[in-house]
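# Commentary on secondary and tertiary structure
As a plain string of letters, each chain reads:
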Amino acid sequence: MADPIRARCDAADTLVAADEALARLHVAAGGTLPGVLAVPALLALVRQVRASGLAQTRPVLAMDGDCPISFHAHAAPEGDEVVLALRHWRRAPPPDEGLPAADPQALWHHLAEGHVLLDAEQRVIAADLAASDLADLAADLAGAIGRHWALCPALALGPGRLDTARLHWRLLDDMVIDVAGSARRWRLRLLPRVASGFDLLLLPETIDALPADPLLRPAAEASGAAEQTALPPWTGLLGRDLAPALRQPISRIIANAETIRSRLAGPLADAYGNYAADIAEAGRHLLGLVEDLADLDAVEAPGFAPSPDHIDLADCARRAAGILSMRARERGIVLALPDEACHAPAIGEFRRVLQVLLNLLSNAIRYTPAQATVTLACGVDGATAWIAVEDHGEG
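My aim in this report is to walk through the structure given alongside it, one point at a time. (Residues numbered from 1 in each chain as written. Predicted model: local features only at pLDDT ≥ 70, side-chain atom pairs only at ≥ 80, totals over all residues. Heavy atoms only, no water.)

### Some points on the overall build of the chain
Within the chain, the regular secondary structure consists of 12 helices and 17 strands. Residues counted as buried form 35% of the 395 residues belonging to the chain. The contacts in the chain between residues at least 6 apart in sequence include a share of 55% that link residues at least 24 apart. When the accessible surface of the chain is totalled, it reaches about 21,600 Å², and 58% of it is carbon and sulfur. (Helix = DSSP H or I, 4+ residues; strand = E, 2+ residues; numbered from the N terminus. Buried < 20%, exposed > 50% of the residue type's maximum accessible area, 1.4 Å probe, protein only. Contact = heavy atoms within 4.5 Å. Areas by Shrake-Rupley, 256 points an atom, 1.4 Å probe, with all protein chains shown as cover.)

Below, the structure written as structure tokens:
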């Protein structure tokens, strides 16, 4: 087996010593030598090891320009420092293996329907419980601030609650329990935070029963209801069921992209910061469309009227180009945008105007020959503002 690539970080997360391969990756990610570790996944691992005082190993995928690099990182505390040993270093993942397994913690956070923030002694700081059948637990936790979470009466941990609270967190992690007021069983995950404390996640072990689907009612009943309401059978389905289910994961995408863009996890090359900003902007636009889905009930209601506002078509053009810039760059297409000093004030609904532009621009990028230019132009003629997307595709 090849010798591992070794490195050392001091108490300030500064990479003070590193073998050549990691040093080059660190610089390619925007870091300096010496300087704060610039590979975000390694920086998070180093901070977690320092906070927990325990050695950890995890697979890592990093980017050296456009080239993926995969390896397994082992980090261990050594006094005030953390030493790293990187094994199985590959410039690109083998075709038969694919990418290294992703960190499961991100998936747990995504699937969790309850999140409790704990201090270093596992005492409750705050709780966010999204599931309706966790209402009893939410009420108990609201009155349990400053106490160990295992003492909460809504958690069916049995008579030995005090003994449970004294257990090491690793013995409590991955427990499956019942919760008062919920017909489902729940799995508890205790995740140490980088600085201090824990995230307590509640993941459902069983799927909650879905509400009856009005589209599956008997034909005669559905026909009678349709005659009474004179509304489409799916009215309310999008706003009531779909939009709430989409808000949380999209909001997490936006928050994670903003964390990357603001470099809270460490230094990052400007190009990756710009990609993260585009992801956040696209996420905000998608969240706006979800809110539009939630408004469909109102759109179908009698007396609906749009809500126009003062917008700038030049700003809409620049935002649409930012969202689709990666797609254009992949095809070698240049997006020519209105100058920063250009403004085209108009009256309209921002999200709907932006969606129209995204549709037009997406089609232009798709059908324009590679290495060509797509132009977004706008202006004002008298009392009318206009915007145009010009491409060189067929038709």
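### Re unusual backbone geometry
Put simply, Leu33 and Pro34 share a cis peptide bond, and its omega is -10°. Locating Pro34 in the fold gives a position in the loop between helix 1 (20–28) and strand 3 (35–36). At Asp13, a position not held by glycine, the phi torsion is positive, near 65°. Tracing the backbone through its elements, the reader meets Asp13 in the loop between strand 1 (5–9) and strand 2 (14–18).

### Comments concerning the side chain of Asp133
The residue Asp133 is located in the loop between strand 8 (124–129) and helix 4 (135–142) in this model. Polar side-chain contacts of Asp133 include one of 3.0 Å to the side chain of Arg184. Filtering out sequence-adjacent residues up to four positions away, Asp133 remains in contact with Ala180, Gly181, Ser182, Arg184 and Trp186. (Polar contact = N/O pair within 3.5 Å; in protein donor to acceptor, adjacent residues only side chain to side chain.)

### Brief notes about the sheet that holds strand 4 (residues 56–64)
Reading across the sheet, the 6 strands line up as 3-2-1-6-5-4 and stay open at both edges, with antiparallel pairing between neighbours. The sheet is open, and its two edges are formed by strand 3 and strand 4, each paired on a single side. Taken together, the 3 bridges between strand 1 and strand 2 define a ladder with antiparallel strand orientation. Bridged to Arg8 within strand 2 is Ala17. Lying on the sheet, helix 2 (residues 40–52) is in contact with strand 1, strand 3, strand 4, strand 5 (67–78) and strand 6 (81–90); it crosses strand 4 at an angle near 155°. (Pairing = 2+ DSSP bridges. Axes fitted to C-alpha atoms, helices over the stretch in contact; angles between N-to-C directions.)

These figures come from the coordinates and say nothing about function on their own.
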